[in-house]
Amino acid sequence: MKVYLDNAATTPMDKEVIEAIIPVMENDFGNPSSVHSFGRSTRAIIEKSRKQVAKYINAAPSEIVFTGGGTEADNMVLRCAVQDSGVTHIITSATEHHAVIDTAELLTESCAELTLSLVRHNKKGSVDIDSLKQLLEANKDKKTLVSLMHANNEIGNILPLKEVSKLCKEYNAIFHSDTVQTMCHYEFDVRELEIDFLTCSAHKFHGPKGIGFLFVNQDIQIKPIMTGGGQERNVRAGTENIIGIVGLTKAMEVAYRDLKEHQDHVQGLKTYMIEQLEANIPGVSFNGNPKGDSLYTVLNVQFPNSEMDEMLLYNFDIEGIAISGGSACSSGSNTGSHVLRNIGTDMTKPSIRFSFSKNNTKAEIDYTINVIKDLFAVTA
Ligand code: PLP
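**Here's the deal with the site of the ligand**
Then, number 1: Within the structure, the ligand sits among 13 residues, and G70, T71, D178, S201 and K204 are positioned closest to it.
Then, number 2: One of the side-chain nitrogen or oxygen atoms of T71 is found 2.6 Å away from an oxygen atom of the ligand.
Then, number 3: Here a nitrogen atom of the ligand sits 2.7 Å away from a polar atom, N or O, in the side chain of D178.
Then, number 4: Here the element with the most residues in the shell around the ligand is helix α3 (residues 70-84); it accounts for 3 residues.
Then, number 5: For the shell around the ligand, the per-class residue count stands at 2 nonpolar, 8 polar and 3 charged.

**Let's talk about the pattern of salt bridges**
Then, number 1: Counted under the stated rule, the structure contains 21 salt bridges.
Then, number 2: R43 is the partner of E47 in a salt bridge, and the nearest nitrogen-oxygen pair spans 3.0 Å. Pair noted here: E47 and R43 are both in helix α2 (residues 37-56), with a separation of 4 residues, about one helical turn.
Then, number 3: A residue is classified by how much of its surface remains accessible, and E47, at 25% relative accessible area, is partly exposed.
Then, number 4: R120 serves as the salt-bridge partner of D128, at 3.6 Å between the closest nitrogen and oxygen.
Then, number 5: Accessibility expressed as a relative area gives 44% for R120, which makes it partly exposed.

**Details of unusual backbone geometry**
Then, number 1: In the Ramachandran plot, N172 falls in the positive-phi region, its phi being about 60° despite a non-glycine side chain.
Then, number 2: The residue N172 is located in the loop between α6 (161-170) and β6 (174-178) in this model.

**What about the packing of aromatic side chains?**
Then, number 1: Taken as a whole, this structure holds 7 aromatic pairs when the rule is applied.
Then, number 2: For the ring pair Y186 and Y296, a centre distance of 5.4 Å and an interplane angle of 65° mean the geometry is edge-to-face. Of this pair, Y186 sits in the loop between β6 and α7 (190-193) while Y296 is found in the loop between β9 (285-287) and β10 (298-302), placing the two residues 110 residues apart along the sequence.

**Structural notes on the packing of α3 against helix α4 (residues 98-110)**
Then, number 1: Running from amino to carboxyl end, α3 crosses α4 at an angle of 30°, the nearest separation of the two axes being 9 Å. Viewed along their axes, α3 and α4 adopt a mutual orientation that is roughly parallel. Here α3 runs over α4; the crossing is right-handed. Every residue of α4 that contacts α3 at T71, D74, N75, L78, R79 and V82 is listed here: A99, V100, T103, A104 and L107.
Then, number 2: Counted by class, the contact of α3 with α4 contains 6 nonpolar, 3 polar and 2 charged residues.

**Here's the deal with the pairing of β10**
Then, number 1: Across the 5 residues that make up β10, a large majority, 5, are buried.
Then, number 2: When β9 meets β10, the two strands line up antiparallel, connected through 3 bridges. Bridge pairing in β10 places S285 opposite Q302.
Then, number 3: Across 5 bridges, β10 lies against strand β12 (residues 351-355) in antiparallel orientation. From the neighbouring strand, V298 faces β12, where its bridge partner is S355.

**Quick notes on the domain arrangement of the protein**
Then, number 1: Along its sequence, the protein is carved into domain 1 (3-12 + 258-375) and domain 2 (15-257).
Then, number 2: The C-alpha centroid of domain 2 is placed 27 Å from the C-alpha centroid of domain 1.
Then, number 3: Taken together, the 32 residues of domain 1 in the interface contact 32 residues of domain 2.
Then, number 4: Of the roughly 2800 Å² buried between domain 1 and domain 2 on both sides combined, carbon and sulfur atoms contribute 50%.
Then, number 5: The largest share of the area that domain 1 buries against domain 2 comes from D258, L259 and L295, three residues that together contribute 22% of it.
Then, number 6: Our enumeration of links across domain 1 and domain 2 arrives at 1 salt bridge.
Then, number 7: The shortest N-O distance in the salt bridge between R257 and D258 comes to 3.0 Å.
Then, number 8: Going through the elements one at a time, α10 (259-280), β10 and α12 (338-342) are the ones with two or more residues in the side of domain 1 that touches domain 2.
Then, number 9: Here the side of domain 1 that touches domain 2 is composed, by residue class, of 11 nonpolar, 17 polar and 4 charged.

Reading the values: the criteria
- Per chain, residue numbering runs from 1 following the sequence as it is written.
- It should be noted that, the model being predicted, local features are given only for residues of pLDDT at least 70 and side-chain atom pairs only at 80 or more, the latter also being counted only at that level, while totals for whole chains, interfaces and linings use all residues.
- The side-chain figures draw on all heavy atoms in the structure; neither hydrogens nor water molecules are used.
- We call a residue near a molecule or strand whenever a single non-hydrogen atom of that residue lies within 4 Å of it.
- Polar contact is defined as a pair of N or O atoms within 3.5 Å, subject to the rule that within protein one atom must be able to donate a hydrogen and the other to accept it, and that residues adjacent in sequence are counted only when both atoms are side-chain atoms.
- Strands here are runs of E lasting at least two residues and helices are runs of H or I lasting at least four, both read from the DSSP assignment and numbered beginning at the N terminus.
- Under the scheme applied here, ten amino acids are nonpolar (Ala, Val, Leu, Ile, Met, Phe, Trp, Tyr, Cys and Pro), four are charged (Asp, Glu, Lys and Arg), and all others, including Gly, are polar.
- One side-chain nitrogen of Lys or Arg within 4 Å of one carboxyl oxygen of Asp or Glu is enough to make a salt bridge.
- Exposure classes here rest on a 1.4 Å probe applied to the protein chains alone. A residue is buried below 20% of its type maximum, exposed above 50%, and partly exposed in between.
- Pairing of aromatic rings covers Phe, Tyr and the six-membered ring of Trp, with a centre-to-centre limit of 6.5 Å; geometry is then stacked below 30 degrees between planes, edge-to-face above 60, and tilted otherwise.
- The angle between two axes is taken between their N-to-C directions and runs from 0 to 180 degrees, where each axis is a line fitted to C-alpha atoms and a helix contributes only its stretch in contact.
- Orientation is classified from the angle alone, with under 35 degrees giving roughly parallel, over 145 giving roughly antiparallel, 65 to 115 giving roughly perpendicular, and any other angle giving oblique.
- Left-handed describes a crossing whose near helix is turned anticlockwise from the far helix by less than a right angle; the clockwise case is right-handed.
- In what follows, a contact means two residues having at least one pair of non-hydrogen atoms within 4.5 Å.
- At least two bridges found by DSSP between two strands are what make those strands a pair.
- The split into domains, and so the bounds of each, comes from an automatic or database assignment of domains.
- Two parts lose some accessible area (1.4 Å probe) when they are put together, and adding that loss for both gives the buried area.

Here you go:
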C-alpha cells in the first residue's frame, strides 16, 4: 500500500484543476502584455481569476498580486515593508517558515537602522500574546512590522489572527500573516480581520506549484523587489504564469465549495490517528497543541526512543508511507527542525510530522497505525 501523509509539504493536484489548465495550455498562449487579441484574451483570463480570488477573501481585485508561490510572497512582504513603509523594527517568531525568519534576519544584518525582536512561546509552542504586547509596547516609537504565521507548518499551532490584528492596530504596527498552510483550509475575510498582508501558495491546496498570491491591503503602497516590467500593477515584474493562475483559482474554487465536508473528514482522520496512537504505542506524545487550537491537517508525533531512531523515516518509506521528519524544507539537512528546537522539544526523541488531505482515508490511517505498531514491537 502507498500512503501519502506529507500534505503540508505539498498536495497532489485536483483532477478539476488539471482539467481547467489543459485548455489554457492548448489555446491561451498570448503574452498578457501584448495589445493584440491573443494578448487581450489571456489578460482577460488573468483579471477574471484575480476577481475570483479576491472575492473568496473579501478583498478588492487590486489588492491581489500573483507571485511565484509562498516564499516569494513572504519575501515581498518583509522586503517591501522595510523598503517602502519605513519599517525599522520587525517582530516575528523563531518558529516561522524560513521564508520569513531567514529574510528577517538577513534584512536586519544588512540594515543598521532595522532591529528584530522574537516573541516567546508558551509550553505548547503557541505564540505568547503577552510577549507580543510587551514587544510592541517597548518599541512603540518605532514603525513595526509584525509577521506571525496563521498556522505553523510543522506542529499546526494556530495564531488567533483577529486578536493579533487588533493588538497591531492599537500600536499602529503593520501586520502580516503567512497563511500558506491555512488559505483554502479556513474562511478568510480581510475586511473583518483588518490585516495588511496575507500570503498564499496554491500547491498546499491541490493547485499547481510555483504560483501563489500576496494580499496587500489597499492602504499600503509597495514597490517591486524584482524589476524589469510593469506587470501586476508595477509591483511584480515578469510575464504572468497564466497556467498557474488559472490552476490556483480553480483549486481555490474547489476548496471553498467543499470546505466543510473536507474539514470534517480531515479532522476526523487526525482525531482517529491521535486516539489510535495513544491506545497502541506506549510512550507516544505530541508536539504542539493537537487537541487544542490546531490546524486539522497536521499532526506532529514524538515517538519513544528505540534502536531504529536514525532509521525511522527510512522505515516508513520502505512501508510505502510518505511522511516528514520536519518541514520539507529542512528535511535533508542534519540540523533538525528549527521549530521543534525553538519550542523546547526533547530533540533526543524522534518526531514525525503526519499531514493529511481530503484524499486520505481511514483505511490508510489503519495501515499506518499497523506499520507503527510493527515497527515498535520489533524493537521493543
Ligand atoms: N510558508 C509556509 C508556512 C509554508 O509551509 C511554505 C511551504 O512549505 C512556504 C511558506 C513556502 O511556500 P512555497 O513552497 O510556495 O514557496
